[in-house]
Amino acid sequence: MNQAKTRIWSLLLIAILATGGLSARPHKKTEVRISCVGASITEGAMTTHPITDSYPAQLGKMLGKGYHVMNFGKGGCTMLRKGDFPYWERDEYKAALASNPDIVFIDLGGNDSKAVNRTYMEEFVKDACEMITSFKQLPTKPRVIILTPVVSFYPDSNGIWDDVIQRKVSPATIEAASRMKIEVLDMHSVLNRHPELLSDGIHPNTEGSRMMAQKMYDYLKAFPQKADDEMTVDGMSNNPFITHLYTADPSAHVWKDGRLYVYASHDLFPPRGCDFMDRYHVFSTDDMIHWKDHGEILNSGQVPWGRREGGYMWAPDCAYKNGTYYFYFPHPSETRTGNSWKIGIATSRKPASDFTVIGYIEGAPSYIDPCIFMDDDGQAYIYNGGGGHCMGGKLKENMTALEGPMEEMKGLKDFHEGTWVHKRNGIYYLSYPDNYVNEKGKQYNRMHYAISSSPLGPWEYKGILLEATDCDTSHGSIVEYKGEWYLFYHNCALSGRGNLRSICFDKLYYNEDGSIQIVEQRNKSFLERR
Ligand code: FUB
């Protein structure tokens, strides 16, 4: 076929897609028109029959009547205007702009990670913002949703390279979304544990495309409308979710007012290790998007028995019983912190204000990071630890005294600190950071977990639940909220400094046997620095 004929055929195909697909259905106002902009993955390059198996086609089938999904994918295209094959110059782009969309999915960026294109990466955010704007300004004022690129297993680092996708393209995609206040779907995590579904390392097959379509379908069903002007990633606030303060050690609880509360410690600038940490803030949400800072609830100056010089207000926890909120915090009583660590207690009738220190837990070993687990029968358990020791015991009915001596928790592997205990379907889970040092000799703690049929063990070690972030510490809590499970943790994404941390959260999934899948961290912009 000569070039002129090829062009006529391609224009014809685009016209067919833009006017309603191969069935050439007229544009009915009752239809939700969805335009999928992208490259070869959008085209369905490695699917069995791209016309029916590409992810836009499968999304169309899933959505069914009332939706019309159009595919404007063009293999090899870049988001970058200076890329080797810019989407901007393709007929598919023009056709997408002319497609009267109600919703636009933009899936570009994989090809931008190629060596020939990545040299222009500085311009990715600007170009992405302009492309988003070009769709948002259409007369139909479509909802624009941008996708982070799918994982690449391609071994040649000059080609579509996952390292660049994770370190540069995905963060730039999220940054553009943040500037334009649009939604992001994290597609990288959909297939990153499924190399078998990308036989050439780059393109999902029919099943991989189905999984992509499923995520998009689930999202549209969960969020038929964009929540408001907030930018979201997978329908949640971006990570880190608190950006006006440095925060660490999040302990999450759902209280009886139906809100999810996060009790966090506070890294102060300039840091000296964790020495100057001096106060706690509480944050809450009812939709995992909008967060309220309830302000400071306690500082070291309010601890009568505390260290004269203050500081060292480390990872806290909170519990509720009979109308009282009990806030537990580790704090030393001596200048030389050594073995003067105590588990302080402050109480309030409110979850996020008016806390008063009433003392500390007599007889608790001198360790840090208290965790309180309330069992279904109302019995409270307390844990703390550090230096390789994890201790646990029962609290008395009054929540302020030990029922008996705390005991060493048995069966954990490479325990460091930061115990968290939760229960699901009758199984007790104890999670904790380890002492991991990476191949370059840098400490980046990961989080592990163990299970038991009893809150005090013995524990059966199960594995890693969170890979290292960019912090030398890790610290997390696990909670169920509105039918979903979440892991809260911290990273150093905002500061790039180990002692200026920021709290994050991500969804946590269980396998059928109760084991926990490794949690996918949605915004790993910090990788750029690691
Ligand atoms: O935030 C101070 C300390 O760093 C915590 O107590 C530990 O868990 C670690 O996150």
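In this text, all values refer to a predicted model and were calculated from it rather than measured experimentally.

Conventions we followed
- Residues numbered from 1 in each chain as written.
- Predicted model: local features only at pLDDT ≥ 70, side-chain atom pairs only at ≥ 80, totals over all residues.
- Heavy atoms only, no water.
- Axes fitted to C-alpha atoms, helices over the stretch in contact; angles between N-to-C directions.
- Helix = DSSP H or I, 4+ residues; strand = E, 2+ residues; numbered from the N terminus.
- Parallel < 35°, antiparallel > 145°, perpendicular 65-115°, else oblique.
- Left-handed = near helix turned anticlockwise from the far one by under 90°.
- Contact = heavy atoms within 4.5 Å.
- Pairing = 2+ DSSP bridges.
- Nonpolar A, V, L, I, M, F, W, Y, C, P; charged D, E, K, R; others polar.
- Buried < 20%, exposed > 50% of the residue type's maximum accessible area, 1.4 Å probe, protein only.
- Lys, Arg positive; Asp, Glu negative; His and termini not counted.
- Salt bridge = Lys/Arg side-chain N within 4 Å of Asp/Glu carboxyl O.
- Polar contact = N/O pair within 3.5 Å; in protein donor to acceptor, adjacent residues only side chain to side chain.
- Disulfide = S-S within 2.5 Å.

So, the packing of helix α7 (residues 124-136) against helix α8 (residues 162-180): which residues are in play, and what are the values?
In contact at an axis separation of 9 Å, α7 and α8 are set at 45° when each is read in the N-to-C sense. In terms of their interaxial angle, α7 and α8 are classed as oblique. Both α7 and α8 take part in a crossing whose hand is right-handed. Residues Phe-124, Val-125, Ala-128, Cys-129, Ile-132, Thr-133 and Lys-136 of α7 touch α8, and the partners they reach there are Val-169, Ala-172, Thr-173, Glu-175, Ala-176, Arg-179 and Met-180.

Provide a residue-level description of the pairing of strand β18 (residues 420-424), including the pertinent values.
Where β18 meets strand β19 (residues 427-433), five bridges bridge the pair, whose relative direction is antiparallel. By the bridge assignment for β19, Trp-420 is matched with Ser-431. Joining the antiparallel neighbours β18 and β19 is a turn of two residues, in which Asn-425 adopts a positive phi near 50°.

Please give an account of the sheet that holds strand β8 (residues 279-285) that cites residues and values.
The strand order across the open sheet built from four strands is β6-β7-β8-β9, with neighbouring strands paired in antiparallel fashion. Two strands bound the open sheet, and with one partner strand each, they are β6 (246-254) and β9 (292-299). Recorded for the sheet is a direction-independent mean angle of 25° between the axes of neighbouring strands. Note: β6 against strand β7 (residues 260-267), seven bridges, orientation antiparallel. Residue pairing for β7: Val-254 is matched across the bridge by Leu-260.

Tell me what's going on with the packing of helix α4 (residues 55-63) against helix α10 (residues 206-222), and back it up with residues and numbers.
At their nearest, the axes of α4 and α10 sit 8 Å apart, and the two run at 50° to each other. By the criterion of interaxial angle, the relationship of α4 to α10 is oblique. Crossing of α4 against α10: the hand is right-handed. Residue-level contacts link Tyr-55, Gln-58, Leu-59, Met-62 and Leu-63 of α4 to Thr-206, Ser-209, Arg-210, Met-212, Ala-213, Gln-214, Met-216, Tyr-217, Leu-220 and Lys-221 of α10. For the contact of α4 with α10, the residue count by class is nine nonpolar, four polar and two charged.

How would you sum up the side chain of Asp-369? Please name residues and give values.
Note on placement: Asp-369 falls in strand β14 (residues 368-374). Buried Asp-369, no salt bridge; nearest opposite-charge side chain is Arg-501, N-O distance 8.3 Å. At a separation of 2.9 Å, a polar atom in the side chain of Asp-369 contacts the main-chain amide nitrogen of Gly-418. Among residues more than four places away in sequence, those in contact with Asp-369 are Ala-315, Pro-330, Tyr-383, Asn-384, Glu-417, Gly-418 and His-475.

Talk me through the state of the cysteines; I want residue IDs and the actual numbers.
Here the structure, examined in full by the defined rule, presents one disulfide. Each sulfur in the disulfide pair Cys-471 and Cys-492 lies 2.2 Å from the other. Note on the Cys-471 and Cys-492 pair: the S-S dihedral is about 115°, so by sign convention the disulfide is right-handed. Of this pair, Cys-471 sits in the loop between β21 (460-466) and β22 (477-481) while Cys-492 is found in the loop between β23 (484-491) and β24 (502-507), placing the two residues 21 residues apart along the sequence. Among the cysteines around Cys-77, which has no disulfide bond, Cys-36 carries the closest sulfur, lying 15 Å off. By relative accessible area, which is 1% here, Cys-77 ends up buried. Cys-390 carries a free sulfur, and the closest cysteine sulfur to it, the one in Cys-371, is 8.8 Å from it. By relative accessible area, which is 1% here, Cys-390 ends up buried.

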